[in-house]
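Residue-level structural notes
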Amino acid sequence: MTDSYYGRPIVKEPVWQPEIPVYFFTGGLGGASSVLSLVARVSGNDLLAKRSIYIGAAADAVSPPLLISDLGRPERFLNMLRVFKVTSPMSVGSWILAFSSAASSGAAFLSAIGRLPRVSDVARTASAVSGAPLAVYTATLISDTAIPVWHEARHELPFLFGASAAASAGAAAAIGVPTRAAAPARRLAIGGALVENAVMLAMEKRLGLLGEPYRQGEAGRYAKVAKACSLGGAALLAVAGRRSRLASTAGGALVLAGELALRWSVFKAGFQSARDPKYTVLPQRERAARRGAAARSDLPARP
Amino acid sequence: MGALADGVATYGDEAEERVGFFTDTSVCIGCKACEVACKEWNLVPEDGLVWTGESYDNTSELGANTWRHVAFIEQNRPLRGEDEVDALRWLMSSDVCKHCTHAACLDVCPTGSLFRTEFGTVVVQEDICNGCGYCVPACPFGVLDRRHLPRHSGDPPAEILGLQLGRKEDGRVWKCTLCYDRLKGGHEPACAKACPTDSIQFGPLDELRERAEKRLGKLQAESWNGARLYGHDREDGVGGFGAFFLLLDEPEVYGLPPDPVVTTRDLPAMWRTAAIAVGALALGVVAAFAGGSE
């Protein structure tokens, strides 16, 4: 039995709307696609490099409108770039997104018109260097709150989001690139999906009581969808992705759906854990008790 | 860890003595004068008129439109000692923003709208806030919220209202300012001024802490059940509250977290983890090219 004030929550549920988990997905897709594009370019796979930067630029382009639409005062979105604060992952992330989306759209534009290849490569490199942090920082953003299942999952969430971003980028490229040039994309989608599911398992196990919200309610339902879609899509890519463009497209679409569902699941789990005061009270009580016990054991023994 | 709140030192000569609240719940009579005085002085809008059935509390929780909240708890337990049968005690406590020494809301605010005043308090600059909502889940006490304006059943639909008046919902976050405007004028905050029993005491924080220790000693000597200070410890997870409490039961009974921690305490480690994940992502993409593009 948890003592609480008429069962009311202690921490507030976030006020964020569905735009935010969708942005977690598009930011991850955009950032990882930019990285994929650069590595493809370096390895000489120019078709994959070109299509990936298109995907990255498109995902980066829809991200700011999503974020702005979620603001309580959208007309003040530029205030996000009023300061730079390393104590605020949202401030750091706003700067990363602004830089990365400028770089990826520049690289995509130059790539499309086929001019200034040097400048295009510099822009692609800039988008990749900022793209990897773009794909991961959203995990730090939600970890840096008082929401129990987000803050306590701070050791795993960046890896979960990073793997999910990698899977998204691979899957999108597997759809957009002919199968003969898409082998690295397929491997990335499959590897990302496997790593992400492994991280999720390990995270839930370590969290104990706080693993519950990830399995229950809407979060739990979306987690199941995420698992089925990402692993199913990865299996399809592994088995038939090389031979059939249709299979490659279907597998890629499944993985993408899985990654979107994963972001939605993590998002909802946060709300669920805020709603029930036991997830705030019990871990804190245990922490205080452990500290109390440690302090007592520091006292000199009585004769 | 010093007595100064984060950031006050940057004021230099303009820094004022750190002030705050000591809310002694053992003398709270639940009159809610603090709630009313706060609303009146700060022009805080209505937050819905509902009957909760939760003792005399129809305010329920702190939020954008509630900066003081009086909790009512009915318990079958004597106020003092243990020998009374069929005992009943009624706990009342006026909750408020804690104005933390290390404030998570202020740390995570991406626009710099939330700031530390020269008095060591934490205030939202409403002309800068863009309603990103990050401070809402960052606060370990659930103090901040985005403001929704109340709608009445007789009102025209919100869309029409928006067109007519040229404005939508407020959209920004709001919370207790510890009456920054009154402090500037040398007055105590409205809630403390209105409190008829001095349950809400305002003053320099160091002075309040001493007074609280004495009061706790007295209550313990009189064997009041569950008497304890909450938020007075400068070594706690938020570096001590600027508004702390004398409670008569566990904090969670009043809807307060038992061991609050400023989430940004772990942020350096979180950035390190993120950096490793960024490296892993880059390596993962490179590894996907092992074995060629065919």
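Residues numbered from 1 in each chain as written. Chains lettered and ligands numbered in written order. Predicted model: local features only at pLDDT ≥ 70, side-chain atom pairs only at ≥ 80, totals over all residues.

Quick notes on the overall build of chain B
What counts is decided by this rule: Under the DSSP-based scheme used, a helix requires at least four consecutive residues in state H or I and a strand at least two consecutive residues in state E, with every element numbered from the N terminus. By the criterion used throughout, residues are in contact when their C-beta atoms, derived from the backbone, lie within 7 Å.
For chain B, the count of helices and strands is eight helices and 10 strands. Taking contacts inside chain B between residues at least 6 apart in sequence as the whole, the part at least 24 apart equals 65%.

Some details on the environment of Met80 of chain A
By secondary structure assignment, the location of Met80 of chain A is in the loop between helix H2 (46–70) and helix H3 (89–113). Sequence-wise, Met80 of chain A and Ala189 of chain A are 109 residues apart; in three dimensions their C-alpha atoms are separated by 33 Å. What Met80 of chain A contacts, discounting residues up to four positions off in sequence, is Ser94 of chain A together with Pro110 and Thr111 of chain B.

Thoughts on the interface of chain B and chain A
Note the threshold: For this classification, the nonpolar set comprises Ala, Val, Leu, Ile, Met, Phe, Trp, Tyr, Cys and Pro, the charged set comprises Asp, Glu, Lys and Arg, and every other residue, Gly included, is treated as polar.
Between chain B and chain A, the residue contacts involve 56 residues of the former and 69 residues of the latter. Elements with a minimum of two residues in the side of chain B that touches chain A: helix H2 (104–108), helix H3 (135–138), strand S6 (145–146) and helix H8 (267–288) of chain B. For the side of chain B that touches chain A, the leading source of residues is H8 of chain B, giving 14 residues. Partitioning the side of chain B that touches chain A into residue classes produces 30 nonpolar, 15 polar and 11 charged.

Some points on the environment of Thr101 of chain B
Residue and element names in this part refer to chain B. Position of Thr101 among the secondary structure elements: in the loop between strand S3 (89–96) and H2. Residues Thr101 and Gly242, spaced 141 residues apart in sequence, show a C-alpha to C-alpha distance of 6.6 Å. The contact partners of Thr101, leaving out residues within four places of it in the chain, are Ala5, Asp6, Val238, Gly239, Gly240 and Gly242.

Re the nonpolar core
The condition is simple: Buried Ala, Val, Leu, Ile, Met, Phe, Trp, Tyr and Cys residues whose C-beta atoms connect them within 7 Å together make up a nonpolar core. Here a residue counts as buried when 20 or more other C-beta atoms sit within 10 Å of its C-beta, as exposed when there are 12 or fewer, and as partly exposed otherwise, the C-beta atoms being derived from the backbone.
Ranked by internal contacts, the top residues of the largest apolar core, which has 173 residues, are Ala189 of chain A together with Cys105, Cys135 and Leu281 of chain B. Considering every element that reaches this core, the biggest residue donor is helix H6 (residues 157–176) of chain A, with 14 residues.

Description of the pairing of strand S1 (residues 19–24) of chain B
Residue and element names in this part refer to chain B. Condition: For two strands to be treated as a pair, DSSP must find no fewer than two bridges joining them.
Burial within S1 is extensive, with six of its six residues counted as buried. The side-chain alternation of S1 yields two buried faces, one formed by Val19, Phe21 and Thr23 and the other by Gly20, Phe22 and Asp24. Note: S1 against strand S8 (residues 200–204), five bridges, orientation antiparallel. The residue of S8 that forms the bridge with Thr23 is Ile200. With four bridges joining them, S1 and strand S10 (residues 243–247) adopt parallel strand pairing. For Thr23, the partnering residue across the bridge sits in S10 and is Phe245.

A short note on the sheet that holds strand S9 (residues 228–230) of chain B
Residue and element names in this part refer to chain B. Keep this limit in mind: Each axis is a line fitted through C-alpha atoms, and for a helix only the stretch in contact is used; angles between axes span 0 to 180 degrees, taken between their N-to-C directions.
If you walk across this open sheet you meet the four strands as S8-S1-S10-S9, and the pairing is mixed. The outermost strands of the open sheet, each flanked by one partner alone, are S8 and S9. Across this sheet, the average inter-strand angle for adjacent strands is 20 degrees, counted without regard to direction.

Some points on unusual backbone geometry
Phi at Leu116 of chain A takes a positive value of approximately 45 degrees, unusual for a residue other than glycine. Position of Leu116 of chain A among the secondary structure elements: in the loop between H3 and helix H4 (117–143). One non-glycine residue with positive phi stands out, namely Cys179 of chain B, at about 45 degrees. Checked against the element boundaries, Cys179 of chain B lands in the loop between strand S7 (173–174) and helix H5 (180–184).

Here's the deal with helix H1 (residues 33–42) of chain B
Because the α-helix completes a turn every 3.6 residues, residues three or four places apart line up on one side. All names here are of chain B. Just so we agree on the cut-off: Arc, as used here, means the arc of the directions from the helix axis to the C-beta atoms.
Within the sequence span of H1, burial applies to Ala33, Cys34, Ala37 and Cys38. On an axial view of H1, the arc spanned by its buried residues comes to 130 degrees, and they lie on one face. Looking at the buried side of H1, the elements it contacts are strand S2 (68–75), S3, helix H6 (190–194) and S8. Following H1 by one or two positions, Leu43 adopts a phi angle in the positive range, close to 55 degrees.

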